[in-house]
Amino acid sequence: MPETPLDIGVLGYRFMGKAHANAFARLPMFFEDAPEVNREVIVGRDEAALADAADRLGFQRTATDWRDVVDDVDVFYNLGPNHVHAEPSIAALEAGTPTFCEKPLAPTLDDAEAMADAASDAGVPAGIAFNYRFIPAIQYAKELIEHGDLGEIHHFRGQYLQDWLVDPEAPWSWRNDAEMAGSGALGDLGAHTIDLARYLVGDIAEVSGRLRTFVDERPVEGENETRAVTVDDAYSAQVDFENGVMGTLEASRFANGRKNDHTIEIEGSKGSLKFSLERLNELEVLREDSRGYETILVTDPEDPYVDHWWPPGHVIGWEHTFVHENYEFLSAVAGGGAYEPSFADGLAVQRVLAAVEESDERGERVSVR
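The shown structure was predicted, so the numbers you read here are calculated from the model rather than taken from an experiment.

A.B. asks: Requested: an account of the packing of helix α7 (residues 185–200) against helix α9 (residues 343–362), with residues and values cited.
C.D. replies: At a minimum axis separation of 9 Å, α7 and α9 run at an interaxial angle of 120°. On the basis of the axis angle, α7 is oblique to α9. At the point where α7 passes α9, the crossing takes the right-handed sense. Note on element contacts: α9 touches α7 through D345, A348, V349, V352, L353, V356 and E357, opposite L186, G187, A191, I194, D195 and R198. For the contact of α7 with α9, a count of residues per class yields eight nonpolar, one polar and four charged.

A.B. asks: Can you lay out the sheet that holds strand β6 (residues 126–128) for me, pointing to particular residues and giving the numbers?
C.D. replies: Pairing is parallel across the open sheet formed by six strands, whose spatial order is β3-β2-β1-β4-β5-β6. Looking at which strands have only one partner, the edges of the open sheet turn out to be β3 (61–63) and β6. Direction aside, neighbouring strands of the sheet carry axes that sit 20° apart on average. Relative to strand β2 (residues 37–43), helix α2 (residues 47–57) is tilted by about 165°, and along the sheet it contacts β2 and β3.

A.B. asks: Provide a residue-level description of the pattern of salt bridges, including the pertinent values.
C.D. replies: Inspection of every chain in the model, using the stated rule, returns 27 salt bridges. A salt bridge links R287 to E294, with the nearest nitrogen and oxygen atoms 3.8 Å apart. By relative accessible area, which is 42% here, E294 ends up partly exposed. One salt bridge connects E364 with R362, and the closest N-O pair in it is separated by 2.3 Å. On the basis of relative accessible area, R362 is assigned to the partly exposed category, the value being 45%. Overlapping salt bridges, with partners in common, bring together R133, D195, R198, D203 and D345 in one network.

Basis of the calculations
- Residues numbered from 1 in each chain as written.
- Predicted model: local features only at pLDDT ≥ 70, side-chain atom pairs only at ≥ 80, totals over all residues.
- Heavy atoms only, no water.
- Axes fitted to C-alpha atoms, helices over the stretch in contact; angles between N-to-C directions.
- Helix = DSSP H or I, 4+ residues; strand = E, 2+ residues; numbered from the N terminus.
- Parallel < 35°, antiparallel > 145°, perpendicular 65-115°, else oblique.
- Left-handed = near helix turned anticlockwise from the far one by under 90°.
- Contact = heavy atoms within 4.5 Å.
- Nonpolar A, V, L, I, M, F, W, Y, C, P; charged D, E, K, R; others polar.
- Pairing = 2+ DSSP bridges.
- Salt bridge = Lys/Arg side-chain N within 4 Å of Asp/Glu carboxyl O.
- Buried < 20%, exposed > 50% of the residue type's maximum accessible area, 1.4 Å probe, protein only.

What follows is the structure in structure tokens.
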């Protein structure tokens with residue numbers, strides 16, 4: 001590990017900015033071998049809001065132009081809206097700065113390809129924010145699959161359901177705009193499901209997808225006008241994996257009563273497993289010759305990351321996944337190693353997102369290119 005702290009620059013100070021700043025603060029408390037970091041600079045457009053964010057989130061200074069930051073820090077975090085992922089991230093990588101980007105990688109496949117190319121050329125760690133890989137229960141699930149406990153995998157089933165847009169009067173935001181977001185529930189929620197599908201089962205070869213927008217326009221907060229909704233509110237897809245596994249994927253922002261319910265089910269010839277993000281410390285496992293599922297509390301010291309936290313049974317939460325994610329990424333930066341999920345993983349997910357959109361437009365099954 002380096003003797004001097006890693007200076008971190010962060011673009012974005014709202015939801016994800018808070019999540020990562022919290023992780024930076026927790027790292028030295030719980031991960032003794034984590035590299036030391038300095039929350040150097042936070043970037044945004046609103047100087048007053050920036051000053052407040054810097055004070056609350058523990059950053060040394062502020063900047064209103066990411067161009068002044070990307071080659072002046074040791075690590076660059078791009079936590080802005082989707083439409084600002086490509087240009088700052090590519091610039092940082094061209095400057096040789098390790099870069100971490102929110103998901104999905106970009107609004108379009110072309111932008112995602114350019115970002116992945118820049119990461120390949122730069123030869124420094126370039127990570128994408130698929131933090132659910134770092135849930136101990138998900139890592140335990142991967143161990144079971146790799147050890148053959150489930151046998152030959154037949155089915156993958158992934159759902160990500162929320163209800164924050166059920167009300168047609170819920171205000172318009174950048175997440176409702178195709179130019180800024182790229183897609184709606186598909187990219188925002190489906191990207192997580194697709195990444196876990198790849199991580200646990202393998203690459204997707206073909207898709208048959210459907211998108212739906214339930215509310216075509218929404219009120220603009222604080223103004224007497226509405227704006228068009230140009231992204232999907234929900235998607236579903238049937239998929240075939242390259243290894244023959246059959247899958248179904250779904251996400252919705254209109255699933256009334258579901259707050260942040262990301263569920264994964266995998267069935268194999270010897271056993272099965274079920275996981276829900278709303279019960280992220282648990283994994284339901286059906287083993288060979290068992291009559292039913294066993295609920296396993298994945299909080300033992302030998303479970304991934306758990307030894308850094310609390311005694312067995314003292315559960316961790318959503319925010320801890322960011323600590324694990326940043327521990328792995330920053331350790332790769334400090335040690336000069338590789339990091340996954342990388343921009344290449346982000347591009348692989350983006351190709352599936354694009355295939356779902358293409359399938360919906362064409363009304364037919366398409367291959368993932």
